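# Topology and contacts: notes
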Amino acid sequence: MDVAFERTGERRYATVVSLPGRHPRRMDPAPGYDENIPHDLVHYLAEAELGLASGVYGRTAAGGGGFSATTETPGDPRRRAREQRRLKKREASLSRSDRSDMARSEHFAGLCDIAWRRRAGARTPAEAERRRIPPEDAPIVERILDRLDELAPLWRDLPVGGALTFTWPDTAVNVRTPG
């Protein structure tokens, strides 16, 4: 599965997932836009680094996820609506099966987001300043922060219409620019 973080406007981005043999699905606008690094990209890196099969992206690769069919998906609107209901049902089934991966994803994405912003000198919410990284989590957080350090300049320099694309669960990036 390919996962693209696409800059769709000056302060907007979309997350686009493409599974083999299926039409792309997207979340647009995606939550947590940031000029330095989008929230969903932090989640992707945390899940890939930790090998989480039942986080957001692992569940999407397994046929679930909260991504919607694009308007380019062939068929009538009723067919797309049926497909969306099928995806929601699959996601509900997957979310019942293993909640620990999703909790770990949220935990590490939150820690890494705050830690990276501190390290990069970016603003963080006041309550985030009090949050500390548990010693047992420090090695994993450090690995993710190193990848965020590499990816942040790529994201900042990305023009509207460009994307950072990954093949799940790999953390190697492909940069696509418009044109």
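Keep in mind that this is a model prediction, so the values were computed, not measured.

## Some words on the sheet that holds strand β1 (residues 2-9)
By way of backbone hydrogen bonds, the strands of a sheet pair with one another, either parallel or antiparallel. One open sheet holds the six strands; their spatial order is β4-β3-β2-β1-β5-β6, and the pairing between them is antiparallel. The sheet terminates laterally at β4 (68-69) and β6 (174-176), the two strands that pair on one side only. Along the sheet, helix α6 (residues 138-157) contacts β1, β2 (12-18), β5 (163-167) and β6; its crossing angle with β5, the most-contacted strand, is approximately 140 degrees.

## Some thoughts on the side chain of D40
As for its position among the elements, D40 is in helix α1 (residues 39-50). One buried charged residue, D40, forms no salt bridge at all, with the nearest opposite charge on R117 at 11 Å. If we ignore the near neighbours within four places in the chain, the residues touching D40 are F5, Y13, T15, M27, A30, P31 and Y57.

## Observations concerning the pairing of β5
Along β5, four of the five residues are buried, which leaves the element largely enclosed by surrounding structure. Strand direction decides the pairing type here: β1 and β5, joined by five bridges, are antiparallel. Across the sheet, the residue bridging to A4 is T165, located in β5. Here β5 runs beside β6; their pairing, made up of three bridges, is antiparallel. Within β6, the residue paired with T165 across the bridge is N174. Where β5 hands over to β6, the hairpin turn is made up of six residues, counted between the paired strands.

What counts and what doesn't
Residues numbered from 1 in each chain as written. Predicted model: local features only at pLDDT ≥ 70, side-chain atom pairs only at ≥ 80, totals over all residues. Heavy atoms only, no water. Pairing = 2+ DSSP bridges. Helix = DSSP H or I, 4+ residues; strand = E, 2+ residues; numbered from the N terminus. Contact = heavy atoms within 4.5 Å. Axes fitted to C-alpha atoms, helices over the stretch in contact; angles between N-to-C directions. Buried < 20%, exposed > 50% of the residue type's maximum accessible area, 1.4 Å probe, protein only. Lys, Arg positive; Asp, Glu negative; His and termini not counted. Salt bridge = Lys/Arg side-chain N within 4 Å of Asp/Glu carboxyl O.

In short, geometric facts, not functional conclusions.
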